[in-house]
Amino acid sequence: MKVALFLPSLNGGGAERVMVNLAQGLAELGLQVDLVLARAEGPLLDEVPKEVRVVDLGAKRVLYSLPGLIGYLRRERPDALLAAMEHTNLVALWAKKLSGVSTRVVVSVHNIVSQDIANAQNMRAKVIPLLVRIIYPWAYAVVAVSEGVANDLAQLTGLPRNKLQIIYNPAVTPELLVRAEESLDHPWFQPGEPPVILGAGRLTAQKDFPTLIRAFALVRRKLPARLMILSEGEERPGLEALVQELGLLQDVSLPGFVDNPYKYMKRAGVFVLSSKYEGFGLVLVEAMACGTPVVSTDCPSGPSEILQGGKFGRLVPIQDEDSLAQAILHTLMDPVSKGASSVEPYTLDYAIECYAKVLGIDK
């Protein structure tokens, strides 16, 4: 059986990491797996398992990949195709319709669509609800990565709630646990050094790292600590300016994208998610799997589900630097149950079992 996974690129976001994990898990079932990319670029390319074939459609934008995807479907005729993210999902469904193949197409939604649209800078995003309402019914199945994502999608588009399947992201893999144990040669993580508060995620407005930086400034007034934020994005200049303005240059690091974030998570004093909204909150589960205490904004949606309303980590209001600082301080001094045993629904094995059913894979 041949299965294809369709994405814009592998530029290091949560959805991209999820699809790489799924490609690995499906290949381990003995399937032929193609990772079809609108353009084959991004730091996660190096993490694609050798058993998975990368297909580069060579398109500058996702929409321009439509002819290439039609050709791929007609030529390769995969039994099933799984797409992720709104523009990619729409192109995948159009390609299925225009190619005339029998491929089972499943689309997955990884974020709060209404929030993405509200924060979009162009008018084209405003027509997404209409396109989703018209085109998503062509899919064999629509998968949401959390209850919140499913509820938002149903309310926004009018899709029947019972037509949406929830499959949590496969954040926890055997490889993650192995990589978390790798040595970390960084002076901030040596014995006797102040605790490191860690954040990770694209440097975008959605992740609201300015609130985390301001909260860290409040934490520093109470005890010695350092802040490190992993990954890259368009908000970097503003974040660097804020760090300088607050006089935190010696205690805040923005090292960019790192090839192994888990060894940082393993050794952090606390992991913090400061987002205004999320589809799921992949990094929270990854940090929990590493045994690290976590703090998160109670944003829509995902974190409250993952942390079971605060049982496995403190939840605070969005864009509230005072509450975030207090939660970080309390966690450093009195960690909430780390919840490493609560990540079973987010393991690769569990996700593969769920996706195998929806993709029609007979294991």
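Residues numbered from 1 in each chain as written. Predicted model: local features only at pLDDT ≥ 70, side-chain atom pairs only at ≥ 80, totals over all residues. Heavy atoms only, no water.

Structural notes on the overall build of the protein chain
Inference 1: Looking only at helices and strands, one finds 14 helices and 13 strands in the protein chain.
Inference 2: Here the protein chain has a C-alpha radius of gyration of 20 Å; the compact-globule value for 363 residues is 21 Å, and the two agree.
Inference 3: Going through the 363 residues of the protein chain one by one, you find that 58% of them count as buried.
Inference 4: Partitioning the intrachain contacts of the protein chain with sequence separation of at least 6 by distance along the chain shows that 70% fall at a separation of at least 24.
Inference 5: For the protein chain, the computed accessible surface area is about 15,300 Å², with 49% contributed by carbon and sulfur atoms.
Inference 6: Of the side-chain charges in the protein chain, 36 are positive and 39 negative, and the distance between the mean point of each set is 5 Å. (Helix = DSSP H or I, 4+ residues; strand = E, 2+ residues; numbered from the N terminus. Rg over C-alpha atoms; globule rule 2.2 N^0.38 Å. Buried < 20%, exposed > 50% of the residue type's maximum accessible area, 1.4 Å probe, protein only. Contact = heavy atoms within 4.5 Å. Areas by Shrake-Rupley, 256 points an atom, 1.4 Å probe, with all protein chains shown as cover. Lys, Arg positive; Asp, Glu negative; His and termini not counted. Charge placed at Lys NZ, Arg CZ, Asp CG, Glu CD.)

Points about the nonpolar core
Inference 1: Grouped together as the largest cluster of nonpolar side chains are 109 residues, with contacts concentrated most on Leu5, Leu69, Tyr136 and Leu359.
Inference 2: If near-sequence neighbours (up to four positions away) are discounted, leucine 359 is found in contact with Met1, Val3, Leu26, Ala80, Leu81, Leu82, Arg104 and Val106.
Inference 3: Core analysis: the second largest hydrophobic core is formed by 29 residues, Val219, Leu239, Val316 and Leu324 among them. (Core = buried A, V, L, I, M, F, W, Y, C linked by side-chain atoms within 4.5 Å.)

Notes on the pattern of salt bridges
Oppositely charged side chains can pair when the atoms bearing their charge come close.
Inference 1: Throughout the structure, instances matching the rule amount to 16 salt bridges.
Inference 2: Two residues, glutamate 47 and arginine 17, come together in a salt bridge whose shortest N-O distance is 3.2 Å. A residue pair is termed long-range when its members are at least 10 positions apart, and glutamate 47 in the loop between β2 (32–37) and β3 (53–56) and arginine 17 in helix α1 (residues 14–28) qualify at 30 residues.
Inference 3: Given the relative accessible area of 22%, glutamate 47 is considered partly exposed.
Inference 4: The salt bridge involving lysine 266 is made with glutamate 181; its shortest N-O contact spans 3.3 Å. One end of the pair, lysine 266, is in helix α10 (residues 262–267); the other, glutamate 181, is in the loop between α7 (174–180) and β8 (196–200), and 85 residues separate them in sequence.
Inference 5: Lysine 266 sits in the partly exposed class, given a relative accessible area of 35%. (Salt bridge = Lys/Arg side-chain N within 4 Å of Asp/Glu carboxyl O.)

Quick notes on the pairing of strand β9 (residues 226–230)
Inference 1: Of all five residues in β9, five are buried; the element is thus mostly enclosed.
Inference 2: The alternating pattern of β9 places Arg226, Met228 and Leu230 on one face and Leu227 and Ile229 on the opposite face, and all of these are buried.
Inference 3: Here β8 pairs with β9 via five bridges, running parallel. Looking at the pairing, alanine 200 lines up with leucine 230 of β9.
Inference 4: Crossover handedness for the path β8 to helix α8 (residues 209–220) to β9: right-handed.
Inference 5: With three bridges joining them, β9 and strand β10 (residues 252–256) adopt parallel strand pairing. Paired with methionine 228 across the bridge in β10 is serine 253. (Pairing = 2+ DSSP bridges. Right-handed = clockwise from strand over helix to strand, strands pointing away.)

The quantities given are spatial measurements derived from coordinates; they are silent on function.
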